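Structural features, examined
Residue strings, one per chain:
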Amino acid sequence: MGVFRAVVLSALLATVSVGQDAISADGTNFTLAGDNVSYLFHVDTESGELISDHYGAPVDDFTPPAFVLPWGWHDNLANLRREFPDVGRSDPRLPAIHIEHPDGDTVTALLYKSHQLVQGKPELPGLPATYGNDSDVSTLQVHLYDNVSDVSAVLSYSIFPKYNAIARSFSVTNNGTGNISIERAASFSTDFPNVDLDMIEVQGDWSHEFNRVKRKIDYGETTFRSTEGFGSHLHNPFFALVSPSTTETSGEAWGFNLVWTGSFEATAERFSNGFVRVLFGLNSLHTSIQVKPGESFQSPEAVSVYSAEGVNGMSRSFHDLYRNHLSRGKQTHKTRPILLNSWEGLGFKFNQTSLVRLAGEAEKLGVELFVNDDGWFGVEYPRQNDTLGLGDWTPNPQYFPDGLGPYVAQVNNLTVLNSSQPMQFGIWVEPEMVDLNSTLYNEHPDWVLHAGKHARTLTRNQMVLNVGLPEVQDFIINTVSGILDSANIQYVKWDNNRAMHELSQPSDSYNYILGLYRVINNLTTRYPDVLWEGCASGGGRFDAGLLHYWPQHWTSDNTDASDRLTIQLGTSLVYPPSAMGCHISKAPNGFNQRNISIEFRGHVAMQCGSFGLELNPEELTEHEAAAIPSIMAEAKKVNPIVISGEFYRLALPDNSAWPATQFVSEDGSESVVFAFQQKYTVKPAAPAVKLQGLDPKARYSNDLDNGTYTGATYMNGGINIQWDRADYQSKLIWLKKQ
Ligand code: DGJ
């Protein structure tokens, strides 16, 4: 211990103040301060352990004593609130870092060595992450060292004060002479004191994504994970801890989101003393990551947001942070073209003539971007259904005898209604996959993820290319570049329709995601003007990692407007509506035969950044065809406020037959309200829609009753809507500040 104390003292003398308020180091007492949050931890100078002190509403000082030491049989580390728990040394709770050393032992003692404050935020090599300049974000890096095993680590905390957000990651360096293996890596870890908390997360399945669920953090582990190689439809790498009394608009909420596209694990562990340990990082079933002597492992980043304004306050912080400091695409802050996607209208049954005809129908409706979904490729194995051709990215010569160029030119020759703009063209790809029936698989059977002689399971008839292999990465980069160079393509929908099942090593899935980031980084840098949309059988890969590169994601294959309200509002817990892709599809809906009016379907879809149609206009009813022009006009008018405004969930579809949402423009001069009646009942009467985010003293006109009222009246009295006696009614109401 004596040696360690000397190290600590030298670090104390070396502490540098960089004259910033967001992070201060009083010796080795660290304070990260946001506008409405404080995050405090310190080094125990006896042991060198990092001890958590406070994460929540602002505090000014370290409270003396900094923590209460419970008495009892479990002692030492078991009773401490730890910032970066490792394995062994008397802490029976789950660790944030678990390393297998060259001799097979797994005990690690990562203790404080030094720290430094950095203006701004260093990049994480090869990984997506939040970013910002010196005035947006400050970083504290804490250096830790294990004197026994020659392993060192750097814990990095970056605070974005305006958003009450902290991004954390760590690196581990092998300073020894043999390989070490990372068996568990939680990017975020902290210990809350003895406090009652509930966990909110989103669970679901294909076409049933993002259903909000809440459970009590009880003794033991409350945990969920993805072992699918990507975030999956089952859960999302997001959760919130909330006080039991927290509501949408009031109370404490701590949100956590992993900036990672692969398998993950989220845990809240309540120990006998009541402390709650939070761990959020890689799924330990998919780690065992080898680190050679002299090399380092860099964890993905986790972002945490604190809100004292309930769950909605937490969501708004995530939205603002992600739009301004995560999603780096040129299009992030731009309004998006109204598109028509061929999938639900034509499926696999098309050729150049029918596609151009569909685009012509789209032209008449005012569509700005025509998207050719799945089915356009394949020579030896033409993609006429989902058993054929994935991997063979040559346009089907029977459909496109002259290739994509002349076909796309035909689409570009169409004009966007009431403008002289050419219609844009977009294309679907799924370049991480291969069909059994494909030239690519015949030529490169070794390129797919597989485990020795075990059967290569098929899902949707396809296998996953091992994107961890550099040759596969180069193949995808060259293939997608070739498609983009062959025609005037302004949008790409990048799909991913199955999970990883057979891995030859647990870390294959981790290496895959690093390879995928290399590929996407390369392509988005090379084609910055292309609008990229992620998709994974709907919302299976809606995550912050991909949002770094791509500004939007297809939210769900379920396009039923009623189900979509639940899915979209669930997605908005963490991801901004501006990042969601939402389309009007035909009625009755192909999934559940629900017959919902075109107006309701339109109002649900236009709450998303990327609005579009996913139907064959030739199949529209007379009423639908007549209604579409005004729906398109409304969607265009609403789009700017969806892209940059603040989003409020006013009433949730799970709790009310009258869900409602609201956007307030950045400058506060206008607001738009979407109100719905999902189910008509004789009684009870519909409640007033109470607005949020307005200036209570300012007066706003509205186009429902054409009255003008104060913000206080709208927020405290609310808007009363006279609904028709029918299910699935909707209203869009504009407010203008006077
Ligand atoms: C799944 C996607 O989610 C759909 O939108 C569509 O693109 C199909 N794949 C095409 O195979």
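Cut-offs used in this document
Residues numbered from 1 in each chain as written. Predicted model: local features only at pLDDT ≥ 70, side-chain atom pairs only at ≥ 80, totals over all residues. Heavy atoms only, no water. UniProt positions renumbered as here; feature names shortened; annotations may be inferred. Helix = DSSP H or I, 4+ residues; strand = E, 2+ residues; numbered from the N terminus. Rg over C-alpha atoms; globule rule 2.2 N^0.38 Å. Buried < 20%, exposed > 50% of the residue type's maximum accessible area, 1.4 Å probe, protein only. Contact = heavy atoms within 4.5 Å. Areas by Shrake-Rupley, 256 points an atom, 1.4 Å probe, with all protein chains shown as cover. Lys, Arg positive; Asp, Glu negative; His and termini not counted. Charge placed at Lys NZ, Arg CZ, Asp CG, Glu CD. Near = heavy atom within 4 Å. Polar contact = N/O pair within 3.5 Å; in protein donor to acceptor, adjacent residues only side chain to side chain. Nonpolar A, V, L, I, M, F, W, Y, C, P; charged D, E, K, R; others polar. Core = buried A, V, L, I, M, F, W, Y, C linked by side-chain atoms within 4.5 Å.

Going by an unreviewed UniProt entry, the protein chain carries the name Alpha-galactosidase and comes from Paraphaeosphaeria sporulosa. In its Sequence similarities (unreviewed entry) section, UniProt records this for the protein chain: "Belongs to the glycosyl hydrolase." Turning to the protein chain, the UniProt annotation filed under Catalytic activity (unreviewed entry) states: "Hydrolysis of terminal, non-reducing alpha-D-galactose residues in alpha-D-galactosides, including galactose oligosaccharides, galactomannans and galactolipids."

Here we take up the overall build of the protein chain. Within the protein chain, the regular secondary structure consists of 13 helices and 36 strands. Relative to the compact-globule value of 27 Å for 738 residues, the protein chain shows a C-alpha radius of gyration of 27 Å, a close match. Over its C-alpha atoms, taken along the principal directions, the protein chain stretches across nearly 85 × 70 × 45 Å. Out of the 738 residues in the protein chain, the part that is buried amounts to 62%. Considering only residue pairs separated by 6 or more positions, the protein chain has 69% of its internal contacts joining residues 24 or more positions apart. Carbon and sulfur atoms provide 50% of the accessible area of the protein chain, an area that totals close to 27,100 Å². Once the 52 positive and 83 negative side-chain charges of the protein chain are each reduced to a mean point, those two points are 5 Å apart.

Turning to the site of the ligand, a few remarks are in order. Residues in close proximity to the ligand total 13 residues, the closest being Asp373, Asp374, Lys493, Asp495 and Asp557. Asn497 places a polar side-chain atom, nitrogen or oxygen, 3.4 Å from a nitrogen atom of the ligand. Here an oxygen atom of the ligand and a side-chain polar atom of Asp557 are 2.4 Å apart. Here the ligand loses 97% of its free accessible area of 290 Å² to cover by the protein chains. For the shell around the ligand, a count of residues per class yields 4 nonpolar, 3 polar and 6 charged.

A cis amide bond links Ala587 with the next residue in sequence, Pro588, at an omega value of -5°. Mapped onto the fold, Pro588 is located in the loop between β29 (580–585) and α11 (598–605). Put simply, Lys683 and Pro684 share a cis peptide bond, and its omega is 5°. Within the secondary structure, Pro684 sits in the loop between β33 (670–677) and β34 (699–702). With a phi angle near 70°, Asn461 is a residue other than glycine that sits in the positive phi range.

For the rest of this paragraph, the subject is the nonpolar core. Ranked by size, the top nonpolar core spans 187 residues in total, and within it Leu241 and Trp376 carry the most contacts. Dropping the residues within four chain positions of it, Trp376 is found in contact with Phe350, Trp393, Thr394, Pro395, Asn396, Phe400, Leu404, Ile427, Trp428, Val429 and Ile483. Listed in part, the 19 residues of the second largest apolar core include Ala660, Val673, Ala675 and Ala698.

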